[in-house]
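Residue-level listing of the chains:
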Amino acid sequence: MKLTVGQRCGALLLLLLLATAFLQPYFYPMDIGFQDLSNMLASPDAESWFGTDHLGRDMFARLASAIRLSFGLSLFSVACALMAGLLFGILAGLFGGWLDRLFSFICDLVMALPGLLLILLFASLSPGSFWTLYLGIALVIWVEFFRVIRAITSTLASSSELQSSRLMGMPWFYCIKRHLFPRLLPMVATLTAFSIGNAILALATLGFVSVGLRPPTAELGLMMTELFPYYYQAPLIFLQPVIAVFLLVFSLQLLAGKVK
């Protein structure tokens, strides 16, 4: 796959964000839970690079931890949704019949509710739990992968090249690897980048409405909620998690551009 200029810029921006977030404990070893009430909403300085929040906690350390959490949970959810969508989409597209009807019925059940509302329902079952957020996000994203992969697979199932391979006695594994994967890879790569961005937005939205993870967890949406009452007093501090979400999603949107 040949990446466009926009995709290279997105990959570079995402790499810089993740490298900073994951290497922060080594070059900036600050405790994200340490409170200094005598130094609340402090401006950036040499000791605290991004300033402190309303409880005197270091903002740079908390932002790095929040980026690691948001990206890690989103990546895990999307990876599981991708594996399920790939497996069930290929089975439904190749063999059709009752398999196709079963998976399509499950897909229709999930789509009966808006995606964010479904994630909200899962999160409300056990507020502050990672696993309910993971299940809700993965279930919603699975539908997108399944529908795209099933549509492409069902089209290729009747193609002459795949039928020729089957007539020559080639196993299904060879046919899938030789004929399906090269067609699926560009679309799946684009959809994966979009899905990670959507998962990060969903996680931040749940945190902002206080349904997702609970304090003192460093999470981008939760940080926005905690800092919102102080937006007039310390606008730079309040904008930091907003900018972090924007840069993460923006880099993934660039990375999800058209593959040549």
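Above: the structure in question.
Predicted model only: the values in this text are computed from it and were never measured.

(A) How the structure looks around the overall build of the chain. When you go through the chain residue by residue, the secondary structure sums to nine helices and zero strands. The secondary structure elements of the chain, listed N-terminal to C-terminal, are α-α-α-α-α-α-α-α-α. Each of the 260 residues in the chain was classed as buried or not, and the buried ones make up 45%. Restricting the contact set of the chain to residue pairs at least 6 apart, pairs at least 24 apart contribute 70%.

(B) Focus on the side chain of threonine 192. Along the polypeptide, threonine 192 turns up in helix H7 (residues 172-208). Residue threonine 192 is classed as buried on the basis of its relative accessible area of 18%. There is a polar contact of 2.7 Å between the side chain of threonine 192 and the backbone oxygen of valine 188. Other than its neighbours up to four places away in sequence, threonine 192 contacts Val78, Leu82 and Phe145.

(C) Structural detail: the layout of surface pockets. Here the largest pocket defines a volume of roughly 270 Å³. Around the largest pocket, the lining comprises 13 residues; the ones closest to its centre are Phe50, Phe60, Leu63, Ile67 and Ala244. For the lining of the largest pocket, the secondary-structure elements that each account for two or more residues are helix H1 (5-27), helix H2 (59-95) and helix H9 (235-255). Looking at the lining of the largest pocket residue by residue, the classes come out as eleven nonpolar, two polar and no charged.

(D) Main features of the nonpolar core. Core analysis: the largest hydrophobic core is formed by 67 residues, its most contacted members being Ile90 and Phe145. Contributing elements (two or more residues each) for this core: H1, H2, helix H3 (97-111), helix H4 (115-125), helix H5 (130-157), H7, helix H8 (220-227) and H9. Sort the elements by how many residues they give to this core and H2 lands first, with 15 residues. Filtering out sequence-adjacent residues up to four positions away, phenylalanine 145 remains in contact with Val78, Ala81, Leu82, Gly85, Val188, Leu191, Thr192 and Ser195.

(E) Quick peek at H2. Taking 1.5 Å per residue as the helical rise, H2 with its 37 residues ought to reach 54 Å, and the 53 Å between its terminal C-alpha atoms agrees with that figure. N-capping of H2 is provided by aspartate 58, with a side-chain oxygen placed 3.2 Å from the backbone N of phenylalanine 60. Two residues or fewer past H2, glycine 96 is found with a positive phi of approximately 55°.

(F) Local environment of H9. If you check H9, its first and last C-alpha atoms are 30 Å apart, about what 21 residues at 1.5 Å a residue would give, namely 30 Å. The largest bend in H9 amounts to roughly 30° and is located at proline 241. Residues of H9 that are buried include every one of Ile237, Phe238, Gln240, Pro241, Ala244, Val245, Leu248, Val249, Ser251 and Leu252, and no others.

Calculation criteria
- Residues numbered from 1 in each chain as written.
- Predicted model: local features only at pLDDT ≥ 70, side-chain atom pairs only at ≥ 80, totals over all residues.
- Heavy atoms only, no water.
- Helix = DSSP H or I, 4+ residues; strand = E, 2+ residues; numbered from the N terminus.
- Buried < 20%, exposed > 50% of the residue type's maximum accessible area, 1.4 Å probe, protein only.
- Contact = heavy atoms within 4.5 Å.
- Polar contact = N/O pair within 3.5 Å; in protein donor to acceptor, adjacent residues only side chain to side chain.
- 1 Å grid on protein atoms, 1.4 Å probe; cavity = no way out; pocket = protein on both sides within 12 Å on 5 of 7 lines; lining within 4 Å.
- Points joined across faces, edges and corners; volume = space filled by probe spheres on them.
- Nonpolar A, V, L, I, M, F, W, Y, C, P; charged D, E, K, R; others polar.
- Core = buried A, V, L, I, M, F, W, Y, C linked by side-chain atoms within 4.5 Å.
- Expected span 1.5 Å × (residues − 1).
- Bend = angle between axes of the 7 residues up to and from the residue.

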